[in-house]
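Here is what each chain is made of, one letter per residue.
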Amino acid sequence: MPNFTKYLLFIYFLAFLVISKVFGKETLSFSKPSEIPIQSKGMYEGNPTFRAVFVDDGPKVDGDLTDKAWNRAMPAGDLLQTFPEDNASGTEATEFRVLYDKENLYIGIWCFQDNPKDVTANAGNLADAGNDDHALIILDTFRDQRNAYAFIVTPNSLRADLLIGDQGRMQNIDWDTIWDAKCGIHQWGWGAEIVIPFKSISFDEDSSTWGINLRRVIKNNGEVQDWANARSGVDPANAAQAGTLTGLKNLKQGLGLDVLPFVTGTYTDDQTTGNDEFKADGGLDLRYRINAKTTAYLSINTDFADVEADVRQFNFTRFNQSFPEKRDFFLEDAGMFHFPSDGLSPYYSRKIGLSETGEIVPIHFAAKITSNQKNYNFGLMDVLIDSPEGERNVFVGRVRKNLENGSTIGLLSTFGDPRFKEDSYSVGTDYQFINGEFMGDKSLSTKLWTLGTCNKAQTDSELKISYGAETIFKGRELTLVGAFSEVPENFNPPLGYVMRDDYRKYRFAGSYVPRHEDVEWLNVSIHDFDLEIYTDTGNRLSDITHTITPIEFILESGDNLGYEIAHKLDRPTEAFTIFDTTLPAGEYEGFYHRFFFNSHSKRKVVSRLSYLYNEGFLAPGKRYEATLDYLPIKQFMIGVGYSSTILNWNHAPKTELNVVSGTSRINFNPDLSINNLLQYDNFSKSLGVNSRLQWEYKPGARFYFVVNQTYLDERTGLTLQGFGTAIKLGGIFRF
């Protein structure tokens, strides 16, 4: 053998030894489920426990789960099914481990799958993440068994977070903190590595024990697995049902100050008036964790240039509608200001900084402080807004006391009116109770509330009182609901929302959801009953809605289809308007029938179909609704929607409303995407186009570029009526 070849082989051999020495111990492979200690296995009834392990250097977060640090962590797992079976081991193994260093908490999740091709991972955008396999981690960082954080990940590294309060009764899906996750699909299934900076969450630095729970959803077979108290009637968001995480020592949150400056630029061009305008501005948001349980928020020159456009809604009733909040400042800790009333609320944040038509009203200053103490939770918010009559303040205050039996009692008050100068106010009290172990494996919840309001902006400005109660029983297959509420005439909270006034409402509802393990093609069937009776406050019958879903199938394939029938009786005492049609007072009665089909969201093509036939309530008619979403690859999604409503009025010409929508999402990665929304309806004869680029160029720091266009449908075609663009660049500095 030539010397050169010998030298070459010798060099290769040395290189192999060096690589093995340097890298061989740096990584490892968890290609098979680990042996789980008995105390760390999933429990049907009970709180499993395991220990977090401190490391000097945290694992590399890349989704591979091969870093040697994981070998030091204690495994937990053997989750139990809560659906479709009950108290049965998962068909696929799941385990998780927890590490921490001086700055971060690390969570590794191993979702084993016999055939990795069965992992559902179509989505590349957070809007579609719920259609994929996913894992959800619950962290009760104060171990108060009431409040928690939730972190959700998918195989494509999409991530979402929630703020949970009142044992799962309040879930703020729009809360957003700074954390990261990387996931990957492997030969053994899929895995996730999560890193949560201690600066991003609140916790008790003197406690070494947190509550923790894990849920895994497998879309391929519709399976849901839980770790602690894995029963079908238990929501894992209920912190009282979580397991125990120990070993967390010497944790520090730092100063707890986040500084978020931003600059904006907007351009608008109104083709109807010929006016165009450019504005440049800036502002500052501050978030300061005063202590482990109290956080203050400050927003100067609050800007909403990055807010998504509202989806067009059309009201087919004679009552008021509400719209969801999408602005970050009002979403932050929104659950703290939640009031459990039915059909009304003393605090409706869409009234602040927005006119009745949805136009932006400048907010000069907004401040908020929230606190989660052991026995008390409170939130205070004050906003200084602009108006044609000058600046005015609006205030919201909320306090809740946690009682020993798992119940809470609370008070909420508002002062000021964002749309009128009069000093109006509302005051409400509430009591809530939930027993997650009622009759062993069932749950029982009750809420009572009363709300008084004095609106000086209306003629009838005397103090008015509303009140209500609700009880919900949940079992493995049966849910029962009973509720009552009363709202007086001209009840109008100045900072709140009310769907209707002058009524007493009685509601009785039930749902029976049996599982069909002996039927190969059928997973579960759903049978619902819902009766709502409204009278006015003088006990004169106003309207009745009796809805029955005699059958709805959730098939083994994940598709669902069903039939719904409703009987409606309405006796309005005054004329009312729907669209541009005015109907007289009188009695309206009739049935409607609805047939629906929804394909399983795990597929690359997802469809939803609905047909409603109205035999005569208000007006005989019918409605068609159809949507189709196509996800050929995770980087791209396109969807179309169409609805047609035909109403044959007895006292007016026929109304035909057609709505067409189109959506598309381009996902370059989980942090950079472009969303487009097109909406057209023949009622307004306008086409709206909203395009929104969002880039989180580093955790917590985002760049937005938004384009809005409005076209009017004229005989000659679509004519541009308005055009606008907005740019917002935000940064973050953490101390």
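Here is what the cut-offs are and how they apply
- Residues numbered from 1 in each chain as written.
- Predicted model: local features only at pLDDT ≥ 70, side-chain atom pairs only at ≥ 80, totals over all residues.
- Heavy atoms only, no water.
- Helix = DSSP H or I, 4+ residues; strand = E, 2+ residues; numbered from the N terminus.
- Buried < 20%, exposed > 50% of the residue type's maximum accessible area, 1.4 Å probe, protein only.
- Phe/Tyr/Trp six-rings, centres within 6.5 Å; stacked < 30°, edge-to-face > 60°.
- Lys NZ or Arg CZ within 6 Å of the ring centre and 35° of its normal.
- pLDDT = per-residue confidence, 0-100.
- Contact = heavy atoms within 4.5 Å.
- Salt bridge = Lys/Arg side-chain N within 4 Å of Asp/Glu carboxyl O.

What to know about unusual backbone geometry
Moving on, step 1. Put simply, F83 and P84 share a cis peptide bond, and its omega is 5°.
Moving on, step 2. Here P84 lies in the loop between β4 (80-83) and β5 (88-89).
Moving on, step 3. A positive phi angle, close to 60°, is found at N490, a residue other than glycine.
Moving on, step 4. Structurally, N490 is set in the loop between β28 (478-487) and β29 (497-498).
Moving on, step 5. The backbone of D502 sits at a positive phi, close to 55°, despite the residue not being glycine.
Moving on, step 6. What makes D502 partly exposed here is its relative accessible area of 23%.

Re the packing of aromatic side chains
Moving on, step 1. Counting across every chain of the model gives 21 aromatic pairs.
Moving on, step 2. Seen in terms of ring centroids, F339 and W449 are 6.4 Å apart; in terms of plane orientation they differ by 75°. Their pairing is edge-to-face. Of this pair, F339 sits in the loop between α2 (328-331) and β20 (344-345) while W449 sits in strand β26 (residues 442-454), and the two are 110 residues apart along the sequence. By the burial criterion, F339 is buried, and W449 matches it.
Moving on, step 3. Through pairs of rings, three or more aromatic residues link up here, namely F50, F96 and W227.
Moving on, step 4. Directly above the ring of Y503 sits R500, whose terminal nitrogen or CZ lies 5.6 Å from the centroid.
Moving on, step 5. The side chain of K728 reaches across the aromatic face of F262, ending 4.6 Å from its centre.

Section: the confidence of the model for the protein
Predicted coordinates in areas of low pLDDT are best not read in detail.
Moving on, step 1. Taken residue by residue, the protein gives an average pLDDT of 87. The fraction at 70 or more is 93%.
Moving on, step 2. Across residues 4-27 the pLDDT falls below 50, and counting only partners more than four positions away or on other chains, this stretch makes 10 contacts in the model.

Remarks on the pattern of salt bridges
Moving on, step 1. Following the criterion strictly, the structure yields 28 salt bridges and no others.
Moving on, step 2. The partner of R159 in a salt bridge is D671, and the shortest N-O contact between them spans 2.8 Å. Taken together, the positions of R159 in strand β10 (residues 159-165) and D671 in the loop between β40 (655-669) and β41 (672-681) put the pair 512 residues apart, joining distant regions of the chain.
Moving on, step 3. Judged by relative accessible area, D671 falls into the partly exposed class, the value being 23%.
Moving on, step 4. The salt bridge involving E532 is made with R507; its shortest N-O contact spans 3.9 Å. A residue pair is termed long-range when its members are at least 10 positions apart, and E532 in strand β31 (residues 522-535) and R507 in strand β30 (residues 503-512) qualify at 25 residues.
Moving on, step 5. In this structure E532 comes out as partly exposed when scored by relative accessible area, which is 22%.
Moving on, step 6. The class for R507 is partly exposed, based on a relative accessible area of 22%.
Moving on, step 7. Here the salt bridges share partners, and the residues they tie into one network are R159, D176, D180, K182, D671, E696 and R702.

Quick word on the environment of F142
Moving on, step 1. Here F142 is to be found in the loop between β8 (134-140) and β9 (148-153).
Moving on, step 2. A C-alpha to C-alpha distance of 7.8 Å links F142 and S207, two positions 65 residues apart in sequence.

Section: the side chain of R287
Moving on, step 1. Among the secondary structure elements, R287 is positioned in strand β18 (residues 275-291).
Moving on, step 2. Exposure remark for R287: the relative accessible area of 19% places this residue in the buried category.
Moving on, step 3. Non-local contacts of R287, meaning those with residues more than four positions away in its chain, are made with G256, L257, D258, L260, T295, A296, Y297 and E332.

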